[in-house]
Amino acid sequence: MSGKYRFSFGPWNIHEGADPFGPTVRDGIEFAKKLKMYKNLGFDGVQFHDDDAVPDMDNLSAQEIVKKAKEVRAMLDGEGLAAEFVAPRLWEDARTIDGAYTANDPACREYAKDRSRRTIDIAAALETRLIVLWLAREGTYIREAKDSSVAVEQIVEAINGMLAYNPDIRIAIEPKPNEPMDQAYIPTTGHAIAVSFMTDAPQRVGVNIESAHAILAGLDPSDEMGFALAYNKLFTVHLNDQNGLKFDEDKSFGAVDLRRAFNQVRILDRYDYGAAGEFVGLDVKAMRTQKQSVATKHLANSREIFLRLVKVARSIDNKTVNQLIADRDYEELDMLIVDHLMGK
Ligand code: GLO
Ligand code: MG
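Every chain begins its residue count from 1, and numbering advances along the sequence as written. Key to labels: chains lettered from A, ligands numbered from 1, both in the order written. Thresholds applied to this predicted model are a pLDDT of at least 70 for local features of residues and 80 or more for the giving and counting of side-chain atom pairs; totals over whole chains, interfaces and linings are not thresholded and use all residues. Excluding hydrogens and water, the side-chain figures rest on all heavy atoms present in the structure.

Trainee: Got a minute to help me understand helix H1 (residues 31-41) in this structure?
Mentor: Since one α-helical turn is 3.6 residues long, residues separated by three or four positions face the same way. Residues Phe31, Lys34, Leu35, Tyr38 and Leu41 constitute the buried set of H1. The arc that holds every buried residue of H1, seen down its axis, measures 125°, which confines them to one face. Pointing more than 90 degrees away from the buried face of H1 are the exposed residues Lys33, Lys36 and Asn40. Residue contacts are defined here by distance: any two heavy atoms, one from each residue, within 4.5 Å place the two residues in contact. Numbering of helices and strands runs from the N terminus, with a helix taken as a DSSP run of H or I at least four residues long and a strand as a DSSP run of E at least two residues long. Here the buried face of H1 lies against strand S1 (7-9), strand S2 (45-49), helix H2 (50-53), helix H3 (62-79) and helix H10 (297-314). Following H1 by one or two positions, glycine 42 adopts a phi angle in the positive range, close to 95°. Only protein chains enter the calculation, and the probe is 1.4 Å; a residue is then buried if its accessible area is under 20% of its type maximum, exposed if over 50%, and partly exposed in between. Taken from the helix axis, the directions to the C-beta atoms give the arc we talk about.

Put into structure tokens, the structure is as follows:
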């Protein structure tokens, strides 16, 4: 059973612990060393930002970028790892201060589109077809700064450009309602799926649902997943956990609300998530307090919690569940689920 799911995380999920109020608390680990940690932790897939694969790419030619990315492909081969996706990092350069595809300055929008084409080249060199778009700065700090209707057209136009640039790629939009922006233009799964239908190839545009992002939008992650599954658009997931409405915490999966995690696992397992090659992706951060030697436990623990919840989900007495649903005795169903989660 545990063989059925393949797990992935990004190199940024092993990090030095800096936050907006304090510096790093752990040493950096070089990329090649991080790659060596994947298999030991039980992971088969690597999620990439474009510049995780090709650092300093804005100062390299398109040919140089592909050459570097091919070197990374060889490193992955050496470790027996797959590249799950590549995401353009469109939130750090000075040209993305006011947004990337929705920047008010056309030259900045052009930079974002060009950078996205380089990301696609990197994905091809790493032998993955999946591009993740976390639209970090596509939104506003004040309502009057941009036109929210034009912004949607600009996002669709950028996506169409990417789809045309390489007919093999698929794009998973990762919605998030806020942070770094006050208000993001594509805050939820519903928005992302609606955008997909405005593009030239809707079947190639889906979503990456992050548990914490759904929670920040006041929504239940498992229902968001169900919605995407109904549209055949759940291209990948970013599982983690989140303690209420505050900054994006990226806690270990299931660490805050086990029942909420259980329901995510239950719907993924019920709909055979992974059967079409999807990875169970994590986007989790170690606590700042964690010492260097144990700063990967959040990854191993999240995976372990997922696999244990698969067992829990599969061992539920569905006959009784169905009877209680038929009887509309949801109090008893509630108790049955809680009992089951408590090991009874
Ligand atoms: C931040 C996002 C971020 C993305 C990553 C891949 O809130 O979750 O971690 O998932 O940059 O695009
Ligand atoms: Mg994420």
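Trainee: Quick question: what am I supposed to make of the coordination of the magnesium ion (ligand 2) here?
Mentor: Reference geometry at the metal: tetrahedral coordination by four donors gives ideal angles of 109.5 degrees; octahedral coordination by six donors gives 90 or 180 degrees. Note on the magnesium ion (ligand 2): its protein donors are Glu174 (OE), Glu210 (OE), His238 (ND1) and Asp283 (OD). The metal-donor distances range over 1.9 to 2.3 Å. Sodium, potassium and calcium take a 3.2 Å donor cutoff, other metals 2.8 Å, and in both cases only N, O and S atoms count; water is not among them, so sites may look incomplete. Square planar and octahedral sites, with four and six donors, are those where opposite donors lie more than 155 degrees apart and all other angles lie between 65 and 115, tetrahedral sites have four donors with every angle between 85 and 135 degrees, and the rest are irregular. Taken together, the 6 donor atoms coordinating the magnesium ion (ligand 2) and their angles of 81 to 171° define a geometry best described as octahedral. In primary-sequence terms, the residues that donate to the magnesium ion (ligand 2) follow E-x35-E-x27-H-x44-D. One end of the pair, glutamate 174, is in strand S6 (residues 170-174); the other, histidine 238, is in strand S9 (residues 234-238), with 64 residues separating them in the sequence. Of the residues examined, histidine 238 reaches a relative accessible area of 2% and is grouped as buried.

Trainee: Help me understand the nonpolar core, please; the structure alone is not making it clear to me.
Mentor: Here is a general trend for soluble globular proteins: nonpolar side chains tend to be buried in one another's company. Here the nonpolar core consists of buried residues drawn from Ala, Val, Leu, Ile, Met, Phe, Trp, Tyr and Cys, with membership extended through side-chain atoms lying within 4.5 Å. Ranked by size, the top nonpolar core spans 80 residues in total, and within it Phe48, Ile122, Leu126, Ile159, Leu234 and Phe306 carry the most contacts. If near-sequence neighbours (up to four positions away) are discounted, leucine 126 is found in contact with Phe48, Ala53, Ala69, Val72, Arg73, Leu76, Ala83 and Val86. Membership of the second largest hydrophobic core comes to 6 residues, among which are Phe85, Ala87, Leu130 and Phe235.

Trainee: Teacher, can you tell me more about the packing of aromatic side chains here?
Mentor: Between two aromatic rings, the relevant description is the distance of the centres plus the angle of the planes. Only rings of Phe, Tyr and Trp enter the pairing, Trp through its six-membered ring, and a pair is recorded when the two centres are within 6.5 Å. The plane angle decides the type: under 30 degrees is stacked, over 60 is edge-to-face, the rest tilted. Taken as a whole and assessed by the stated rule, the structure comprises 10 aromatic pairs. On the basis of an interplanar angle of 55° and a centroid distance of 6.0 Å, the ring pair of phenylalanine 31 and phenylalanine 48 is categorised as tilted. One end of the pair, phenylalanine 31, is in helix H1; the other, phenylalanine 48, is in strand S2, and 17 residues separate them in sequence. We note that phenylalanine 31, like phenylalanine 48, is buried. The rings of Tyr5, Phe7, Phe9, Tyr38, Phe43, Phe253 and Phe306 are connected pair by pair, giving a single aromatic cluster. Stacked on the ring of phenylalanine 235, the Lys or Arg arginine 170 has its end atom at 3.9 Å from the ring centre. By the criterion adopted, a ring carries a charge over it if an Arg CZ or a Lys NZ lies within 6 Å of its centre and within 35 degrees of its normal.

Trainee: What is the right way to look at the pairing of strand S4 (residues 130-134) in this model?
Mentor: Sheet faces and side chains relate simply in a regular strand, where the side chains alternate between the two faces. By the criterion of burial, S4 is predominantly enclosed, with 4 of the 5 residues buried. Where S4 meets S6, 5 bridges bridge the pair, whose relative direction is parallel. Bridge pairing in S6 links tryptophan 134 to glutamate 174. Strand pairing follows a simple DSSP-based rule, namely that at least 2 bridges must link the two strands.

Trainee: Looking at this structure, I do not really get the packing of helix H4 (residues 106-126) against helix H5 (residues 148-165). What am I missing?
Mentor: Two quantities define a packed helix pair, namely the angle between the helix axes and the distance between the axes. Running from N to C, H4 and H5 point in directions that differ by 35°, and their axes come no closer than 10 Å. In this structure, H4 meets H5 at a crossing whose hand is right-handed. Residue-level inspection shows Arg109, Lys113, Ser116, Arg117, Arg118, Ile120 and Asp121 of H4 in contact with H5, the latter providing Gln154, Glu157, Ala158, Met162 and Tyr165. Tallied by class, residues from the contact of H4 with H5 come to 4 nonpolar, 2 polar and 6 charged. Whenever a helix is involved, its axis is fitted only over the stretch in contact; in every case the axis is a line through C-alpha atoms, and angles between N-to-C directions fall within 0 to 180 degrees. For any pair of crossing helices, the crossing counts as left-handed if the nearer helix is rotated counterclockwise from the farther one by less than a right angle, and right-handed if it is rotated clockwise. Classes in brief: Ala, Val, Leu, Ile, Met, Phe, Trp, Tyr, Cys and Pro nonpolar; Asp, Glu, Lys and Arg charged; the others, Gly included, polar.

Trainee: How should I be thinking about the environment of serine 61 in this particular structure?
Mentor: By the secondary structure assignment, serine 61 is in the loop between H2 and H3. Judged by its relative accessible area of 30%, serine 61 is partly exposed.

Trainee: Is there a simple way to think about the site of ligand 1 in this case?
Mentor: Around ligand 1, the surrounding shell holds 13 residues, and the nearest of these are His49, Glu174, Lys176, Glu210 and Asp283. A distance of 2.8 Å separates an oxygen atom of ligand 1 from a polar atom in the side chain of glutamate 210. Here the open area of atoms and residues is found with the Shrake-Rupley method and a 1.4 Å probe, where only the protein chains shown may cover a residue. Burial of ligand 1 by the protein chains amounts to 93% of its free accessible area of 320 Å². Across the shell around ligand 1, the residue classes tally to 5 nonpolar, 3 polar and 5 charged. One heavy atom suffices: a residue is near a molecule or strand as soon as one of its heavy atoms comes within 4 Å of it. Polar contacts, as counted here, are pairs of nitrogen or oxygen atoms within 3.5 Å of one another; within protein the pair requires one atom able to donate a hydrogen and one able to accept it, and residues that are adjacent in sequence qualify only if both atoms are side-chain atoms.

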